[in-house]
Amino acid sequence: MKSSVLIWIGCLVICSSAIAQDETVLRSSIDTTIVISNTAGIETFQSKSTLDPDKAALYAAVFPGLGQMYNRQYWKLPILYGGAILIGHFIKYNNDFYNDFRNAYLANIEGTLDESSPFSRYTEEALQLNAEKFKRNRDFMIIMGVVYYLVQIVDAHVSAHLIEFNINDDLALQPTYHPREQYFAQNVGMSLVFKLNK
(Lines give C-alpha, C1' and ligand atoms only; values in the text may rest on other atoms or scores of the structure.)
Protein backbone atom coordinates (compact mmCIF):
# COMPACT_ATOMS: atom_id res chain seq x y z
CA MET A 1 0.00 0.00 0.00
CA LYS A 2 2.76 2.43 0.96
CA SER A 3 4.73 1.71 -2.20
CA SER A 4 1.71 2.34 -4.46
CA VAL A 5 1.07 5.68 -2.69
CA LEU A 6 4.72 6.67 -3.17
CA ILE A 7 4.53 5.71 -6.86
CA TRP A 8 1.41 7.88 -7.34
CA ILE A 9 3.04 10.82 -5.58
CA GLY A 10 6.16 10.40 -7.71
CA CYS A 11 4.07 10.35 -10.90
CA LEU A 12 2.23 13.53 -9.86
CA VAL A 13 5.50 15.32 -9.11
CA ILE A 14 7.00 14.30 -12.47
CA CYS A 15 3.87 15.31 -14.40
CA SER A 16 3.60 18.68 -12.65
CA SER A 17 7.26 19.46 -13.26
CA ALA A 18 6.92 18.46 -16.92
CA ILE A 19 3.97 20.85 -17.34
CA ALA A 20 5.87 23.65 -15.59
CA GLN A 21 8.82 23.23 -17.96
CA ASP A 22 6.79 24.04 -21.10
CA GLU A 23 7.88 27.56 -22.03
CA THR A 24 8.87 29.39 -25.18
CA VAL A 25 11.93 31.64 -25.40
CA LEU A 26 11.93 34.43 -27.97
CA ARG A 27 15.26 36.17 -28.58
CA SER A 28 15.64 39.62 -29.99
CA SER A 29 18.77 40.58 -31.90
CA ILE A 30 18.29 44.29 -31.19
CA ASP A 31 18.64 44.43 -27.42
CA THR A 32 19.69 42.16 -24.60
CA THR A 33 16.21 41.36 -23.28
CA ILE A 34 14.47 38.02 -23.77
CA VAL A 35 10.76 37.34 -23.48
CA ILE A 36 9.69 34.14 -21.74
CA SER A 37 6.08 33.12 -22.18
CA ASN A 38 4.63 30.02 -20.50
CA THR A 39 1.47 28.01 -21.18
CA ALA A 40 -0.68 30.37 -19.08
CA GLY A 41 0.17 33.26 -21.42
CA ILE A 42 2.15 35.19 -18.81
CA GLU A 43 5.19 36.94 -20.24
CA THR A 44 8.23 37.83 -18.19
CA PHE A 45 11.27 39.84 -19.24
CA GLN A 46 14.80 39.00 -18.21
CA SER A 47 18.10 40.65 -18.92
CA LYS A 48 20.46 38.47 -20.94
CA SER A 49 24.19 38.75 -21.54
CA THR A 50 25.35 39.63 -25.05
CA LEU A 51 27.84 36.74 -24.87
CA ASP A 52 26.75 33.42 -26.35
CA PRO A 53 27.99 30.48 -24.21
CA ASP A 54 27.79 28.06 -27.15
CA LYS A 55 29.93 30.35 -29.28
CA ALA A 56 32.47 30.69 -26.47
CA ALA A 57 32.69 26.88 -26.15
CA LEU A 58 33.06 26.52 -29.93
CA TYR A 59 35.87 29.08 -30.03
CA ALA A 60 37.64 27.33 -27.15
CA ALA A 61 37.28 23.97 -28.92
CA VAL A 62 38.69 25.31 -32.20
CA PHE A 63 41.66 27.05 -30.57
CA PRO A 64 42.40 26.83 -26.82
CA GLY A 65 42.16 30.25 -25.19
CA LEU A 66 39.98 31.77 -27.89
CA GLY A 67 36.84 31.22 -25.79
CA GLN A 68 38.44 33.06 -22.88
CA MET A 69 39.37 35.91 -25.23
CA TYR A 70 35.76 35.99 -26.49
CA ASN A 71 34.63 36.35 -22.84
CA ARG A 72 37.22 39.14 -22.37
CA GLN A 73 38.97 37.18 -19.62
CA TYR A 74 42.50 37.83 -20.82
CA TRP A 75 44.01 37.16 -17.39
CA LYS A 76 43.26 33.44 -17.86
CA LEU A 77 45.50 33.14 -20.93
CA PRO A 78 48.87 32.94 -19.08
CA ILE A 79 47.40 30.31 -16.73
CA LEU A 80 45.93 28.36 -19.64
CA TYR A 81 49.06 28.38 -21.79
CA GLY A 82 51.38 27.91 -18.81
CA GLY A 83 49.52 24.72 -17.87
CA ALA A 84 49.54 23.51 -21.48
CA ILE A 85 53.28 24.11 -21.77
CA LEU A 86 53.88 22.28 -18.47
CA ILE A 87 51.83 19.27 -19.57
CA GLY A 88 53.57 19.25 -22.96
CA HIS A 89 56.97 19.36 -21.25
CA PHE A 90 56.18 16.32 -19.11
CA ILE A 91 54.81 14.41 -22.10
CA LYS A 92 58.07 15.01 -24.00
CA TYR A 93 60.22 14.30 -20.93
CA ASN A 94 58.57 10.92 -20.26
CA ASN A 95 58.48 10.03 -23.96
CA ASP A 96 62.23 10.69 -24.36
CA PHE A 97 63.12 8.48 -21.39
CA TYR A 98 60.67 5.80 -22.57
CA ASN A 99 62.34 5.69 -25.98
CA ASP A 100 65.84 5.60 -24.45
CA PHE A 101 65.04 2.76 -22.05
CA ARG A 102 63.08 0.83 -24.68
CA ASN A 103 65.93 1.10 -27.22
CA ALA A 104 68.45 0.08 -24.55
CA TYR A 105 66.24 -2.88 -23.58
CA LEU A 106 65.97 -4.03 -27.20
CA ALA A 107 69.72 -3.58 -27.70
CA ASN A 108 70.39 -5.57 -24.54
CA ILE A 109 68.19 -8.42 -25.79
CA GLU A 110 70.00 -8.45 -29.14
CA GLY A 111 73.38 -8.18 -27.41
CA THR A 112 74.32 -4.93 -29.19
CA LEU A 113 74.23 -2.64 -26.13
CA ASP A 114 77.46 -0.63 -26.03
CA GLU A 115 79.49 -0.94 -22.83
CA SER A 116 80.08 2.83 -22.74
CA SER A 117 76.32 3.49 -22.78
CA PRO A 118 74.88 4.87 -19.52
CA PHE A 119 72.23 2.12 -19.75
CA SER A 120 74.79 -0.70 -19.62
CA ARG A 121 74.77 -0.67 -15.81
CA TYR A 122 71.04 -1.62 -15.76
CA THR A 123 69.88 -5.22 -15.82
CA GLU A 124 67.49 -6.38 -18.51
CA GLU A 125 64.61 -6.40 -16.03
CA ALA A 126 65.43 -2.87 -14.82
CA LEU A 127 65.50 -1.59 -18.40
CA GLN A 128 62.11 -3.12 -19.08
CA LEU A 129 60.57 -1.79 -15.83
CA ASN A 130 61.88 1.73 -16.46
CA ALA A 131 60.59 1.70 -20.03
CA GLU A 132 57.15 0.64 -18.80
CA LYS A 133 57.18 3.26 -16.04
CA PHE A 134 58.00 6.15 -18.40
CA LYS A 135 55.46 4.88 -20.95
CA ARG A 136 52.79 4.81 -18.25
CA ASN A 137 53.72 8.33 -17.11
CA ARG A 138 53.65 9.61 -20.70
CA ASP A 139 50.21 8.08 -21.32
CA PHE A 140 48.90 9.56 -18.07
CA MET A 141 50.14 13.02 -19.05
CA ILE A 142 48.47 12.68 -22.47
CA ILE A 143 45.19 11.90 -20.70
CA MET A 144 45.74 14.91 -18.44
CA GLY A 145 46.31 17.04 -21.55
CA VAL A 146 42.97 15.92 -23.01
CA VAL A 147 41.22 16.62 -19.70
CA TYR A 148 42.90 20.05 -19.55
CA TYR A 149 41.67 20.82 -23.08
CA LEU A 150 38.09 19.83 -22.15
CA VAL A 151 38.22 21.84 -18.91
CA GLN A 152 39.16 25.03 -20.76
CA ILE A 153 36.16 24.49 -23.08
CA VAL A 154 33.85 24.06 -20.09
CA ASP A 155 35.44 27.11 -18.43
CA ALA A 156 34.71 29.28 -21.48
CA HIS A 157 31.12 28.02 -21.66
CA VAL A 158 30.39 28.49 -17.94
CA SER A 159 32.12 31.88 -17.78
CA ALA A 160 29.96 33.18 -20.64
CA HIS A 161 26.90 32.11 -18.63
CA LEU A 162 28.10 33.65 -15.36
CA ILE A 163 29.06 37.04 -16.80
CA GLU A 164 25.37 37.98 -16.97
CA PHE A 165 25.02 37.89 -13.17
CA ASN A 166 25.52 41.15 -11.31
CA ILE A 167 28.01 40.84 -8.49
CA ASN A 168 28.08 43.67 -5.98
CA ASP A 169 28.87 44.27 -2.34
CA ASP A 170 25.26 43.76 -1.23
CA LEU A 171 25.77 39.98 -1.15
CA ALA A 172 28.96 38.51 0.26
CA LEU A 173 30.44 35.46 1.97
CA GLN A 174 32.51 36.42 4.97
CA PRO A 175 34.50 34.29 7.41
CA THR A 176 33.07 34.31 10.91
CA TYR A 177 34.46 33.55 14.35
CA HIS A 178 32.23 33.02 17.38
CA PRO A 179 33.88 32.30 20.73
CA ARG A 180 31.68 30.23 23.05
CA GLU A 181 32.14 30.35 26.81
CA GLN A 182 30.08 27.25 27.58
CA TYR A 183 32.68 24.55 26.82
CA PHE A 184 35.67 26.77 26.06
CA ALA A 185 35.13 25.96 22.38
CA GLN A 186 35.36 28.19 19.33
CA ASN A 187 33.23 28.14 16.20
CA VAL A 188 34.76 29.11 12.89
CA GLY A 189 32.73 29.18 9.69
CA MET A 190 31.24 31.18 6.85
CA SER A 191 28.25 33.50 6.94
CA LEU A 192 26.16 34.86 4.11
CA VAL A 193 25.76 38.64 4.43
CA PHE A 194 23.02 40.46 2.53
CA LYS A 195 22.76 44.27 2.77
CA LEU A 196 19.58 46.11 1.89
CA ASN A 197 19.94 49.44 0.13
CA LYS A 198 17.77 52.16 1.65
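Residues numbered from 1 in each chain as written. Predicted model: local features only at pLDDT ≥ 70, side-chain atom pairs only at ≥ 80, totals over all residues. Heavy atoms only, no water.

Brief notes about unusual backbone geometry
Phase 1: Although it is not a glycine, Arg72 sits at a positive phi angle of roughly 60°.
Phase 2: Secondary-structure assignment places Arg72 in the loop between helix H3 (66-70) and helix H4 (76-110). (Helix = DSSP H or I, 4+ residues; strand = E, 2+ residues; numbered from the N terminus.)

What to know about the packing of aromatic side chains
Phase 1: Under the criterion given, the structure shown has 7 aromatic pairs.
Phase 2: Between Phe97 and Phe134, the aromatic rings sit 5.0 Å apart at their centres with planes inclined by 20°, giving stacked as the arrangement. Of the two residues, Phe97 is situated in helix H4 and Phe134 in helix H5 (residues 124-162); the sequence distance between them amounts to 37 residues.
Phase 3: The class of Phe134 is buried, set by a relative accessible area of 9%. (Phe/Tyr/Trp six-rings, centres within 6.5 Å; stacked < 30°, edge-to-face > 60°. Buried < 20%, exposed > 50% of the residue type's maximum accessible area, 1.4 Å probe, protein only.)

What about the packing of helix H2 (residues 53-62) against H5?
Helices that pack against each other are described as a pair by the angle of their axes relative to one another and the distance between those axes.
Phase 1: Where H2 contacts H5, the axes come no closer than 8 Å and their chain directions differ by 155°. Considered as vectors, H2 and H5 are oriented roughly antiparallel to each other. Remark: the crossing between H2 and H5 carries right-handed chirality. Between H2, through Pro53, Asp54, Ala56, Ala57, Ala60 and Ala61, and H5, the contact on the second element is made entirely by Tyr149, Gln152, Ile153, Ala156, His157, Ala160 and His161. (Axes fitted to C-alpha atoms, helices over the stretch in contact; angles between N-to-C directions. Parallel < 35°, antiparallel > 145°, perpendicular 65-115°, else oblique. Left-handed = near helix turned anticlockwise from the far one by under 90°. Contact = heavy atoms within 4.5 Å.)

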